[in-house]
Amino acid sequence: MSLKYSLAEMHNPQRPDERRKFYAKSQARDTVDLNRIADEISYATTLTDGDVLNVLRGLIRKVKEHLSDGDIVDLAEFGSFQYQVSSRGADTKEEFTPANIRRVKLQFRPGKMLKPQLGEFRFERVMSVKARKAAEKITYTSEESE
């Protein structure tokens with residue numbers, strides 16, 4: 001398993017006076033959508049990609065429904081989902097109203113199947129997305145002028 005990363009020079013926001021350092025930034029290889037996953041699963045099973053897609057869409061609808069009801073959705077080794085809220089504090093219980101709630105975030109806790117183990121990864125340094133786009137633009141521009 002290979003994780004790609006690039007380097008980014010950044011300062012520590014908690015210590016802005018310190019000099020900047022280089023940090024690893026994860027770089028995605030691609031975006032994989034639900035249709036592609038359904039195709040890949042159907043290829044490995046006797047189900048059609050439409051059957052798989054219907055099951056996956058049904059799963060998503062049910063997860064959303066149960067989360068909206070305030071449930072924790074536990075998908076075993078895959079992981080669990082739960083909504084979390086963050087709010088501004090109030091001096092007393094009586095002063096706290098729903099207006100104090102600033103945002104709702106979806107929390108995902110990976111299960112055993114997805115929890116990364118550092119020893120399982122091989123790391124590969126690549127260009128950042130910004131540098132890659134700049135290089136592609138230069139290549140494209142020089143091909144036009146030929």
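Residues numbered from 1 in each chain as written. Predicted model: local features only at pLDDT ≥ 70, side-chain atom pairs only at ≥ 80, totals over all residues. Heavy atoms only, no water.

(A) Up close: the side chain of Ser 6. Structurally, Ser 6 can be placed in strand E1 (residues 2-10). You can call Ser 6 buried: its relative accessible area is 3%. Among the polar contacts listed, one links the side chain of Ser 6 to the side chain of Gln 27, at a separation of 2.8 Å. Setting aside residues up to four positions removed in sequence, Ser 6 forms contacts with Tyr 23, Ala 24, Lys 25, Gln 27, Val 126, Met 127 and Ser 128. (Helix = DSSP H or I, 4+ residues; strand = E, 2+ residues; numbered from the N terminus. Buried < 20%, exposed > 50% of the residue type's maximum accessible area, 1.4 Å probe, protein only. Polar contact = N/O pair within 3.5 Å; in protein donor to acceptor, adjacent residues only side chain to side chain. Contact = heavy atoms within 4.5 Å.)

(B) A look at the sheet that holds strand E5 (residues 101-110). Reading across from one edge, E3-E4-E5 is the order of the three strands in this open sheet, with antiparallel pairing throughout. The strands lining the two open edges of the sheet, one partner per strand, are strand E3 (73-74) and E5. Taken together, the nine bridges between strand E4 (residues 79-87) and E5 define a ladder with antiparallel strand orientation. The residue bridging Tyr 83 from the neighbouring strand is Leu 106, located in E5. The strands that helix H2 (residues 49-68) touches are E3, E4 and E5; relative to E4, the one it contacts most, it runs at about 40°. (Pairing = 2+ DSSP bridges. Axes fitted to C-alpha atoms, helices over the stretch in contact; angles between N-to-C directions.)

(C) Representation of the pattern of salt bridges. As enumerated under the stated definition, the model contains five salt bridges in all. Among the ionic pairs, Arg 36 bridges to Glu 40, the shortest N-O distance being 3.0 Å. Here Glu 40 and Arg 36 lie together in helix H1 (residues 34-43), a separation of four residues that amounts to about one turn. Accessibility expressed as a relative area gives 33% for Arg 36, which makes it partly exposed. Through salt bridges with shared partners, a single ionic network connects Asp 30, Arg 36 and Glu 40. (Salt bridge = Lys/Arg side-chain N within 4 Å of Asp/Glu carboxyl O.)

(D) Representation of H2. Over its 20 residues, H2 extends 28 Å from the first C-alpha to the last, a length consistent with the 28 Å expected when each residue adds 1.5 Å. Considered for burial, the residues of H2 that qualify are Val 52, Leu 53, Leu 56, Gly 58, Val 63 and Leu 67. Buried residues in H2 make contact with H1, E3, E4 and E5. Gly 70 sits one or two positions beyond H2 and adopts a positive phi of about 90°. (Expected span 1.5 Å × (residues − 1).)

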